[in-house]
Every structure is written in C-alpha cells, then in structure tokens.
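# Observations on the model geometry
So the chains spell out like this:
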Amino acid sequence: MKKIVSLFAVAAMVALGASHADACTNLIVGKNASADGSAFISYSADSHTLYGDLQFIPAADHQSGEMRKIYDWDTGVCHGEIPEVAHTYSVVGNMNEHQVTIGESTWEPRAELVESKGTIDYGSLIYIALQRCKTAREALDLMTKLVTEYGYCSEGESFSIGDPNEIWVLEMVGKGLDELGAVWVAQRLPDDCISGHANFARIHTFPQNDKANCLYAPDVISFARKKGWYSGSDKDFDFSATYAHLDAGALRGCDARVWSYFNRFKSGMDAYLPYIYGKKNAPIMPLAVRPDRKVSVRDLQNMMRDHFEDTPFDMTKDPGATCYFDVPYRWRPMGFKVDGVQYSHERAIATQQTGWVMVAQMRSWLPAAVGGVLWFGVDDANTAVFVPMYCCMTEVPKSYARGTADLYTLNWESAFWVNNWVANQAYNRYSQMIGDIRKEQGAIEDGFATNQPTIEALALEAYKRAPAEATKMLTTYSVTQAQEATSRYRKLGEYLFVKYLDGNIKKEKDGKFERNEAGTPVQPKFGGYNQDYFDNIVRGSGDRLKVIEPEK
C-alpha cells in the first residue's frame, strides 16, 4: 500500500464526474442475501454533463457480413468496427430481455495505463454483451474475449455482471499504448453475500485455482512483472495495489461509499475505518460480506440515497450542513485549502449530478419477461422515484425517452427536468422541504410495491396464454406508471414552489393552503435559520450585526 500523502487527496475526487462513468456507484446483492431470492445490482450514472433518460434497443436480426461500428460511450468518437452477430437481444437501460444486467464504475489506473490502445471502450463492451448474451457467464466470457482481440481503450473499470443465478465483479484495465488487450480479474459473488464498487479497484488478492468462482487474464501477473511493477510471489499478487492508483481520494472518496453500504447491513465494519482513513498496515476491506439481515429491493433503493447518515462521515452533521438547513450536498469543486492545508468534502453515494439510477431485480423462478425489473429513476437518487420498467418492454415512456429533452433543453414532459426541479428547490432549504418530498416519493413507491404482486400474477396468467400478451401488459403498465409518476412529481414541484416562496412557509389546513374567513391567505410561517447559522454569522462578522440601542 502506497503512503497516503494527505488527509483527503483531492486530485482523484476532482477528476470524478468528467464523464458519466467517472463517478458511479454499484451495490450488489446475491440471491441468497436478498429478502425474496432476487439477485440485485444497483447503479448510479453520475456526471455533470449527463442527461438522464432510459435507453431502449430492440431485438434485431443482422445480415451476414454486417459490421457494428464502435462509438465511444462518453465522447461519441468512432473507434472502429467489429462483425455483427446474426441476432441481438432487446435491452432496456442496462438489462436485457434475459435479465442479464451490467453496471460499472471507472477507476484511475497507474499513470502508464491511463491511455490504452484498442477499439472497445467500456460502454460499448457493456451494450455488446447485453445484446449478445443470455447469462452473466456468457457476458463475462464475451467481454474478456473482445478486449483480447480488439483491445480496450478505456481507463480502469469495475463491472457488475449479473443474471438471476449469479453475479460477477470484473475488473479490467488496458495495457497502455504499447500493447493491445487488457489485464483483468473476475470474482463471483457468493450467493449469500453483498458487494459493491465505487470508482476504485476492489479486487486485491484472489483465488488462482478456483475457476468456478474466479477467472483472470493469463498474463495478469506476468504483465506486471514484465513492466517491473510486481516482484513478489504469485499467491500474494494484489490486482488493485498493482494496477490502480491509490490515494486518499480512492479510499475516503470511493471505498468509503462501499463501506457505508456494508456498515448498514453488517456489524463490525468499524474495523475497516483505519483502512478508509489510509492507516498503514490497516486490514483491507473485503470484496464481499455476509449481511446480518436479508436485503430487500426497497432497502437497496434507499441505500442509493445514502449521505453517510449516522457514520463518522455523516454529511448532515458538519457546519456545511448544520448552518444551512442540514443539506447533505456540497457543490463542486470538492477540494479546497484553508491556511495552506488541503481539505475535501465527502463524496456520498447520493449526489446531485446523477443522470440516472437503477436497481435491477433479477428472479430465477419467473419467466424472464416477468422476472426482470429495472427499478429506474432519473436525477439524484435521494429525491428520485424508482419506477418499475420490465425487461420485456417494447417501448419507453415519453417522459424517460431519448429525444424528449436534453441537458440544455428544459421540457416539462421530461422526467429528468421535473425531478431536477423538485431536487434543486430542496437543495437550498433541505430540512424544510425533504419531508414533503419523502411523503410523495414514498406514496408513489409504496403504490408500486403494493401493485407488484397483483400485476405480476396477471402477467403470469397472460404469459401462459401467450408471452406476447404478457409483454404488452407489462409494457403498458410500466409506461403508464412512469408517466403518472412524472405528472405527480411536476405537481409536487408546483406545491413546493408555492409553499416555500420567498423564504416563507405557507400554512396548511385540511390538505390545502390556509385562508382566513375572507378567503385571503393567512400569515405564513417564517422559515428563518437555526442557531448554528446565527452562531456562524456572528463568528464571521463580529459586532457588525450587533443591535445597539441609541444612547439616552
């Protein structure tokens, strides 16, 4: 482990967010660690330049000799092309029609590997695999073969690759500008465990004689030896320590997010706080832990809303929050200096610059059309609504569809813009508004949870008659619920705007804003500030605001 050079290195954290992959979080649940036997993968696509929408790629047949162009997911640049296959599967978001799901988070590799030679970028790798594979194992095999043949042109990447029966974590980095290909290692998540990754390579030492649960590039160790980066024994080889760039940002800004997830479901995680703080010889946090209780889909949705609450990193407890309506958000840049000393704000799972967020639910005991649900939201997971989008869908709701709007074009029919309107009002007066948001958010999501057994029972009956009938039913349901959720959130935004106008808080009675006997608005409450705010003001301004009565 390299020496930590500062309390909280800024470089790695400031770099996060340059593209939609550069600051993502994946949380993973094995099927026997979940409350209902589902396998789960969550994924937030975080970026300051990403418009949140739901991608839909229909199934297709292709002619012999047809080629697929490889467009970089972040830049749109065409890197080349590869042969197409005869048939490709439909994809909704990051889940295909067979319930295969792939998420990712980008990490900074050692400097020599930042630029890599090849055709396939990480985004293309995801969607090629989703369009061609029926299982997670097939996807893992295809992804690693593609980069071997065509080269890999992205930075370090952690992939979550799952289906209803198993989930793998694949970590990969290109070989730099001198060689084609990639070095990689993949570990299967034990079915009774949870795992996660958040912009730092999480696989350290790994079992090298267990092909059922661990696979790796044949030269993953010899390549490091050739480059002079490793000289120890094979059994002690540490993938993360060898290929990833370690600094305080990688720990406190990245692995701390995974630690917070583990800490919520597993006792004893304080033992890994020294690791997060970068202490020398501290025990490394494991790739996976066995939770003390089973994790539900709602648990995972709420975990994506985490701001380190009730931990040493709690973003609601420092003066940046307590002086300003307990807001658990900090505007970028994250790093700053005081008296020549470098500091940084925390980087939580929930963040304002999320484009979209998902929790993929994969179930082995149901037909794929019914079993695969992409619980999908746009913008900040903390204030977003997770809407059920079934993997068999044949169309996307207009409010979530590509082309409805973009990052520079506000459109009130766009779920992304409506959700941003709600969230950005709350960022300024969080403690006052979040209760109103939680009430409506909870009511919508409670409705989805209540409806799910009934809708799926009907869909199963329809599936027995004709799979196409179930597909049509679930498509209609997903589209309708998404449109209704967007409409309700627009009304929520209007309500917040009226209620909290000009720093006031309008009084309510019997579910309406209160009026007097004459029908005119009653005097509102004054929202004001808390004592921490006043204390901070006086400390900063001295007696300038002191009330001085005139001398008599």
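Not measured: the values here are computed from a predicted model. Counting restarts for each chain, with residues numbered from 1 along the sequence as it is written. The model is predicted, so local features are restricted to residues of pLDDT at least 70 and side-chain atom pairs to those at 80 or more, both for listing and for counting; the totals for chains, interfaces and linings are taken over all residues. With hydrogens and water excluded, all non-hydrogen atoms of the structure serve as input to the side-chain values.

## Describing the overall build of the protein
Under the scheme used here, helices are H or I runs from DSSP no shorter than 4 residues and strands are E runs no shorter than 2 residues, and both carry numbers assigned from the N terminus. When helices and strands are tallied, the protein shows 14 helices and 25 strands. In terms of overall size, the protein behaves like a compact globule, its C-alpha atoms giving a radius of gyration of 25 Å where 552 residues would be expected to give roughly 24 Å. Seen along its three principal axes, the alpha-carbon backbone of the protein occupies a region of about 90 × 65 × 45 Å. For the protein, with 552 residues in total, the buried portion stands at 55%. When checking whether two residues touch, look at their non-hydrogen atoms; a contact exists if any pair is within 4.5 Å. Intrachain contacts of the protein at a sequence separation of at least 6 include 71% that bridge at least 24 residues. When the accessible area of the protein is evaluated, it comes to approximately 23,700 Å², of which 52% is carbon and sulfur surface. On the protein, the mean spot of the 58 positive side-chain charges and the mean spot of the 70 negative ones are 3 Å from each other. In this treatment the radius of gyration is a C-alpha quantity, and the globule benchmark scales as 2.2 Å times the residue count to the 0.38 power. For every residue, the accessible area (1.4 Å probe, protein chains only) is compared with the maximum for its type, and the residue is labelled buried under 20%, exposed over 50%, or partly exposed between those bounds. Surface accessibility follows the Shrake-Rupley procedure with a 1.4 Å probe radius. Residue values consider only the protein chains on display as shielding. Here Asp and Glu are counted as negative and Lys and Arg as positive; His is not counted, and neither are the chain ends. Taken as the charge location is NZ of Lys, CZ of Arg, CG of Asp or CD of Glu.

## Describing the pattern of salt bridges
For this document, the term salt bridge refers to a Lys or Arg side-chain nitrogen within 4 Å of an Asp or Glu carboxyl oxygen. For the structure on display, the rule yields 30 salt bridges. We note a salt bridge from K226 to E179, for which the minimum N-O separation is 2.6 Å. Linking K226 in helix α4 (residues 222-227) with E179 in the loop between β12 (167-174) and β13 (182-188), this pair joins segments that are 47 residues apart in sequence. Judged by its relative accessible area of 22%, E179 falls in the partly exposed class. Measuring nitrogen to oxygen at the nearest pair gives 2.7 Å for the salt bridge that ties R252 to E346. Taken together, the residues R252 in helix α6 (residues 248-265) and E346 in the loop between β18 (341-344) and β19 (354-362) connect sequence positions 94 residues apart. Through salt bridges that share partners, R137, E166, R188 and D191 make up one connected network.

## Quick notes on the pairing of strand β20 (residues 373-378)
With six of its six residues buried, β20 lies for the most part within the structure. Residues V373, W375 and G377 line one face of β20 and the alternating positions L374, F376 and V378 line the opposite face, and both faces are buried. Here, a strand pair is defined by DSSP locating no fewer than two bridges between the strands. Relative to β20, β19 runs antiparallel, the two sharing six bridges. Counted as the bridge partner of V359 is W375 from β20. With four bridges joining them, β20 and strand β21 (residues 387-390) adopt antiparallel strand pairing. By the bridge assignment for β21, V373 is matched with Y390.

## Remarks on the confidence of the model for the protein
Averaged over every residue, the pLDDT of the protein is 94; residues scoring 70 or more account for 96%. A low-confidence stretch, residues 1-21 stays under pLDDT 50, and its non-local contacts, those more than four residues away or across chains, total 67 contacts. pLDDT runs from 0 to 100 and stands for how confident the predictor is about each residue.

## Some thoughts on the sheet that holds strand β16 (residues 288-289)
Strand pairing in a sheet relies on backbone hydrogen bonds, with the paired strands running either antiparallel or parallel. Strand order in this open sheet of seven strands is β16-β14-β1-β2-β19-β20-β21, and the pairing throughout is antiparallel. What marks the edges here is a single partner per strand, and that holds for β16 and β21. With five bridges connecting them, strand β1 (residues 25-29) and strand β2 (residues 39-46) associate as antiparallel partners. In the strand pairing of β2, V29 is matched with F40.

## A few points about unusual backbone geometry
A cis amide bond, omega 0 degrees, links R332 with the succeeding residue P333. Within the element layout of this structure, P333 appears in the loop between α9 (319-322) and β17 (335-338). A positive phi angle is found at Q99, which is not glycine, with a value near 75 degrees. In this fold, Q99 is placed in the loop between β9 (95-96) and β10 (101-107).

## A closer look at helix α3 (residues 136-150)
Between its first and last C-alpha atoms α3 spans 21 Å; for 15 residues at 1.5 Å apiece the expected length is 21 Å, and the two agree. Residues A136, A139, L140, L142, M143, T144, L146, V147 and Y150 constitute the buried set of α3. Between the first and last residue of a helix there are one fewer steps than residues, each counted as 1.5 Å, and that sum is the expected span.

## Comments concerning the environment of D236
Of note, D236 is situated in the loop between α4 and α5 (239-243). Overall, D236 belongs to the partly exposed group, its relative accessible area being 44%. Linking D236 and A217, residues 19 residues apart in sequence, is a C-alpha distance of 16 Å. Residues within four places of D236 in sequence aside, it is in contact with T205 and Y230. Pairing of N or O atoms within 3.5 Å defines a polar contact, subject to two protein rules: one partner must be a possible hydrogen donor and the other a possible acceptor, and residues neighboring in sequence count only if both atoms are side-chain atoms. Engagement of the side chain of D236 in a polar contact is seen with the side chain of K235, the distance being 3.3 Å.

## Overview of the packing of helix α2 (residues 122-132) against α3
Helix axes are fitted to C-alpha atoms over the stretch in contact, other axes to C-alpha atoms as well, and angles between N-to-C directions run from 0 to 180 degrees. For the pair α2 and α3, the least separation of the axes is 9 Å and the interaxial angle reads 135 degrees. Classified by the angle their axes make, α2 and α3 are oblique. With respect to the hand of their crossing, α2 and α3 are arranged in right-handed fashion. Counted together, L125, I128, A129 and R132 of α2 and E138, A139, L142, M143, L146 and V147 of α3 form the full contact between these two elements. Three residue categories are used. Nonpolar comprises Ala, Val, Leu, Ile, Met, Phe, Trp, Tyr, Cys and Pro, charged comprises Asp, Glu, Lys and Arg, and polar comprises the others, including Gly. A breakdown of the residues in the contact of α2 with α3 according to their chemical character gives eight nonpolar, no polar and two charged. Angle categories: roughly parallel below 35 degrees, roughly antiparallel above 145, roughly perpendicular from 65 to 115, and oblique for all the rest. Rotating anticlockwise by less than a right angle from the far helix to the near helix defines a left-handed crossing, while the corresponding clockwise rotation defines a right-handed one.

## Quick notes on the environment of L410
When you line up the elements, L410 lands in the loop between β21 and α11 (415-428). Judged by relative accessible area, which is 48%, L410 ranks as partly exposed.

## Details of the packing of aromatic side chains
Note on aromatic pairs: the rings of Phe, Tyr and Trp (six-membered ring only in Trp) are paired at centre separations within 6.5 Å, and the planes decide the class, stacked below 30 degrees, edge-to-face beyond 60, tilted for the rest. Scanning the entire structure with this criterion turns up 31 aromatic pairs. Relative to F534, the ring of Y533 has its centre 5.8 Å away and its plane inclined at 75 degrees; by these criteria the two rings are edge-to-face. Using a relative accessible area of 16% as the deciding quantity, one classes Y533 as buried. By way of ring pairs, the aromatic residues W107, F206, Y216, F223, W229, Y230, F237, F239 and Y243 are connected into one cluster.

## A closer look at the side chain of D436
With respect to the helices, strands and loops of the structure, D436 is situated in helix α12 (residues 430-465). Owing to a relative accessible area of 17%, D436 belongs among the buried residues under this scheme. Once residues lying within four places of it in the same chain are set aside, the contact partners of D436 are L492, Y495, L496, K499 and Y500.

## Points about the nonpolar core
The definition of a nonpolar core used throughout is a set of buried Ala, Val, Leu, Ile, Met, Phe, Trp, Tyr and Cys residues joined through side-chain atoms within 4.5 Å. Ranked by internal contacts, the top residues of the largest apolar core, which has 157 residues, are F159, Y243 and Y400. Looking at which element gives the most residues to this core, the answer is α6, with nine residues.

## Looking at the state of the cysteines
In protein structure, a disulfide is the covalent linkage between the sulfur atoms of two cysteines. Here, two cysteine sulfur atoms that lie within 2.5 Å of each other are counted as a disulfide. In the structure shown here, the tally under the stated rule is zero disulfides. Free cysteine C391: the closest other cysteine sulfur is in C392, separated by 5.9 Å. What makes C392 buried here is its relative accessible area of 9%.

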